[in-house]
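Below are the chains, spelled out letter by letter.
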Amino acid sequence: MQLILSKYQHNLVHARMREQVVMIDTVSVILALVFVFFFWYAPVSVAQEEMSNESELGQLVNQGRVALAAGKIDEALTLFQEILNRDPNNVEANYRLGSIFWRQKKLQLALQHFLKSVELDPDKVSLRLSLGGFYEQVRQLDAALKEYQIIIEKAPDSNEARIAKKRITLVMAKNFARKGDFDKAIQMLESLREEYPEDPRVLQHLGFAYMLANRLKDAAVIYEGVLKKEPKNDLA
């Protein structure tokens, strides 16, 4: 009887040990699954979601570009605003909205978005060139000159720098003309015409300077040349 009892106790101990082993194995499996989920699957899932979102935003940007090219301004406006709702720091959406609001004469909104785009990507000189052009149109010439100088400093060999130098000369010539120094303005513009003989903007500035200096025949020759190249040019 004692022998049977001893065997029973022995078997019971082994059974309990097996149960503990099974429990330990089960807990280990659960912990392993938890580890895999939080340290592998979850980050991968988040990354996939981010990639999907970027892909969708890229598609919206392309749709906005197409709409702008087709002259569908309202559609483009809606698309780029949707992009900013999802990603307020999207550089292109801010830039495009600045351009659209500029067309619509909503100057404060245009400036807001141009500034935001430059803030987000300060080394992209094409953005600064657009901002400088905007400042010129609203007659903030000092601000325009500042942007053009930054372009020249950041990318001296770029096409944007070449355009910036031309615009600086035009602004300076315009300032001389406003001060009544027509000879200086004409001298600068004639020099610029040698570098840009076909540029309508340079020619129009020169023609206007000739008019202010009462050199009407010279002005007429300039404007006739502009009209031959651009028959629908209202300024000429």
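The coordinates are above.
Residues numbered from 1 in each chain as written. Predicted model: local features only at pLDDT ≥ 70, side-chain atom pairs only at ≥ 80, totals over all residues. Heavy atoms only, no water.

Peer 1: Which parts of the structure should I look at to understand the overall build of the chain?
Peer 2: For the chain, the helix and strand inventory stands at ten helices and zero strands. Taken from the N to the C terminus, the helices and strands of the chain come in the order α-α-α-α-α-α-α-α-α-α. Burial statistics for the chain: of 236 residues in total, 33% are counted as buried. Of all intrachain contacts in the chain linking residues separated by at least 6 positions in sequence, the fraction that spans at least 24 positions is 38%. Approximately 15600 Å² of the chain is accessible, and the part contributed by carbon and sulfur atoms is 57%. (Helix = DSSP H or I, 4+ residues; strand = E, 2+ residues; numbered from the N terminus. Buried < 20%, exposed > 50% of the residue type's maximum accessible area, 1.4 Å probe, protein only. Contact = heavy atoms within 4.5 Å. Areas by Shrake-Rupley, 256 points an atom, 1.4 Å probe, with all protein chains shown as cover.)

Peer 1: What am I meant to see in the side chain of S158 here?
Peer 2: With respect to the helices, strands and loops of the structure, S158 is situated in the loop between α6 (141–154) and α7 (159–178). Within the local environment of S158, its side chain forms a polar contact with the backbone nitrogen of A161, the two atoms lying 3.1 Å apart. (Polar contact = N/O pair within 3.5 Å; in protein donor to acceptor, adjacent residues only side chain to side chain.)

Peer 1: In this structure, what is going on with the nonpolar core? I would like to understand it.
Peer 2: Across soluble globular proteins, nonpolar side chains have a tendency to be buried as a group. With 37 residues, the main nonpolar core has F80, I83, I100, Y148 and I151 as its most contacted residues. Looking at this core, the elements with two or more residues in it are α1 (2–69), α2 (73–86), α3 (91–103), α4 (107–120), α5 (125–137), α6 and α7. Per element, the largest residue contribution to this core is seven residues, and it comes from α2. The contact partners of F80, leaving out residues within four places of it in the chain, are V61, G64, R65, L68, A93, R96, L97 and I100. (Core = buried A, V, L, I, M, F, W, Y, C linked by side-chain atoms within 4.5 Å.)

Peer 1: Can you help me understand helix α10 (residues 216–229) in this one?
Peer 2: Residue pairs spaced three or four apart in an α-helix point in one direction, given the helix's 3.6 residues per turn. Here α10 contains 14 residues, and its C-alpha end-to-end distance of 20 Å stays within 8% of the 20 Å for a straight helix at 1.5 Å per residue. Among the residues of α10, those classed as buried are A219, I222, Y223 and V226. The buried residues of α10 occupy an angular sector of 95 degrees when the element is viewed end-on, so they sit on one face. Away from its buried face by more than 90 degrees, α10 exposes K217, V221, E224 and K228. (Expected span 1.5 Å × (residues − 1). Arc of directions from axis to C-beta.)

Peer 1: Could you clarify how one ought to interpret α5 in this entry?
Peer 2: Here α5 spans 19 Å end to end across 13 residues, near enough to the 18 Å set by a 1.5 Å rise per residue. Buried within α5 we find V125, L127, R128, L129, S130, L131, G132, G133, F134, Y135 and E136. On its buried face, α5 is in contact with α3, α4, α6, α7 and α9 (200–212).

Peer 1: Can you help me understand the layout of surface pockets in this one?
Peer 2: Empty space left among the atoms is revealed by rolling a probe the size of a water molecule over them. The space that makes up the second largest pocket amounts to roughly 160 Å³. Lining of the second largest pocket is provided by W102, L129, S130, G133, E136, Q137, R167 and R201. Broken down by element, the lining of the second largest pocket gets its largest block of residues, five residues, from α5. Along the lines of polarity and charge, the residues of the lining of the second largest pocket split into two nonpolar, three polar and three charged. (1 Å grid on protein atoms, 1.4 Å probe; cavity = no way out; pocket = protein on both sides within 12 Å on 5 of 7 lines; lining within 4 Å. Points joined across faces, edges and corners; volume = space filled by probe spheres on them. Nonpolar A, V, L, I, M, F, W, Y, C, P; charged D, E, K, R; others polar.)

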